[in-house]
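Residue-level listing of the chains:
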Amino acid sequence: MSYEEALVYTAAPEIGHLTPDSAAEKEAIARFSQFIAHMQAESIAENARDVYAENAYFNDTIKELVGNEAIGAYLAESLGATEKVEVEVVDVARSGIDYYYRWVMDIKFRNLNDGNWARSEGMSHIRFDAAGRVVLHRDYWDAAGGLFAYMPVIGSVLRWIKGRI
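These notes cover the structure that comes with them.

Rules of the game
Residues numbered from 1 in each chain as written. Predicted model: local features only at pLDDT ≥ 70, side-chain atom pairs only at ≥ 80, totals over all residues. Heavy atoms only, no water. Helix = DSSP H or I, 4+ residues; strand = E, 2+ residues; numbered from the N terminus. Areas by Shrake-Rupley, 256 points an atom, 1.4 Å probe, with all protein chains shown as cover. Core = buried A, V, L, I, M, F, W, Y, C linked by side-chain atoms within 4.5 Å. Buried < 20%, exposed > 50% of the residue type's maximum accessible area, 1.4 Å probe, protein only. Contact = heavy atoms within 4.5 Å. Polar contact = N/O pair within 3.5 Å; in protein donor to acceptor, adjacent residues only side chain to side chain. Axes fitted to C-alpha atoms, helices over the stretch in contact; angles between N-to-C directions. Left-handed = near helix turned anticlockwise from the far one by under 90°. Nonpolar A, V, L, I, M, F, W, Y, C, P; charged D, E, K, R; others polar. Phe/Tyr/Trp six-rings, centres within 6.5 Å; stacked < 30°, edge-to-face > 60°.

## As for the overall build of the protein chain
Then comes step 1: When you go through the protein chain residue by residue, the secondary structure sums to six helices and six strands.
Then comes step 2: Ordering the α and β elements of the protein chain from the N terminus gives α-α-α-β-β-α-β-β-β-β-α-α.
Then comes step 3: When the accessible area of the protein chain is evaluated, it comes to approximately 9100 Å², of which 52% is carbon and sulfur surface.

Now the structure itself:
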């Protein structure tokens, strides 16, 4: 499923949506905020099953997936390459059925960046179903500066390109 297809699929009335300013909406917003703020490799796959709907769409700029099992497995594998991840949700905004989480992520990779912290800022486009589970998650962030810049060969090439522009 592409992002465009996921937008159509998750807008369908049969998905159901949260009522603005309801207790269920507040709980869903808080649940997702807590989920991304407390990501740990040991528990992320199990937590993803609680946060994401069974057929949720996910795209973090690097990987596009469908299904809470696939999302949980991918996030667990990704977190396995880190020593620690800290995410601060800076702001949450709503427009209709769409929610936008602005965040700052600090990452300490196991084998990249000489053990130093790397920072990435981004935004996640989220849609919830009527039960408050995520049915659409699309991240927008600077993958070149937040991840690829710390990879040995790719990082050198990116720095060279930036210096030439």
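## Details of the nonpolar core
Then comes step 1: Formed by 29 residues in total, the largest nonpolar core has its most connected members in Phe32, Phe35, Tyr52 and Phe128.
Then comes step 2: Listed by contribution, the elements that provide at least two residues to this core are helix 2 (23–37), helix 3 (44–51), strand 1 (52–59), helix 4 (68–79), strand 3 (82–95), strand 4 (98–109) and strand 5 (117–128).
Then comes step 3: In terms of residue count, strand 4 provides more of this core than any other element does, six residues in total.

## Notes on the environment of asparagine 59
Then comes step 1: Relative to the helices and strands, asparagine 59 resides in strand 1.
Then comes step 2: Here asparagine 59 falls in the buried class, since its relative accessible area comes to 10%.
Then comes step 3: Remark: the alpha-carbon pair of asparagine 59 and arginine 138, spanning 79 residues in sequence, is separated by 4.8 Å.
Then comes step 4: Beyond its immediate stretch of four places on either side in the chain, asparagine 59 contacts Glu64, His137, Arg138 and Asp139.
Then comes step 5: Side chain to side chain, asparagine 59 and tyrosine 57 meet in a polar contact 3.3 Å long.

## Looking at the packing of helix 3 against helix 4
Then comes step 1: Where helix 3 meets helix 4, the closest approach of the two axes is 8 Å, and the angle between their N-to-C directions is 145 degrees. Handedness of the helix 3/helix 4 crossing: right-handed. Across from Ile44, Ala45, Ala48 and Arg49 in helix 3, the residues of helix 4 making contact are Asn68, Glu69, Gly72, Ala73, Leu75, Ala76 and Leu79.
Then comes step 2: Its residues assigned to classes, the contact of helix 3 with helix 4 shows seven nonpolar, two polar and two charged.

## Side note on the packing of aromatic side chains
Then comes step 1: By the definition in use, this model includes eight aromatic pairs.
Then comes step 2: Summarising the aromatic geometry, the rings of phenylalanine 58 and tyrosine 74 are spaced 5.9 Å apart at their centres and angled 65 degrees between planes, so their arrangement reads as edge-to-face. Residue phenylalanine 58 is located in strand 1, and its partner tyrosine 74 is located in helix 4; the two are separated by 16 residues in the primary sequence. As far as burial versus exposure is concerned, phenylalanine 58 and tyrosine 74 are alike and both buried.
Then comes step 3: Ring plane angle 70 degrees and centroid distance 5.1 Å describe the contact between tyrosine 99 and phenylalanine 128, whose orientation is recorded as edge-to-face.

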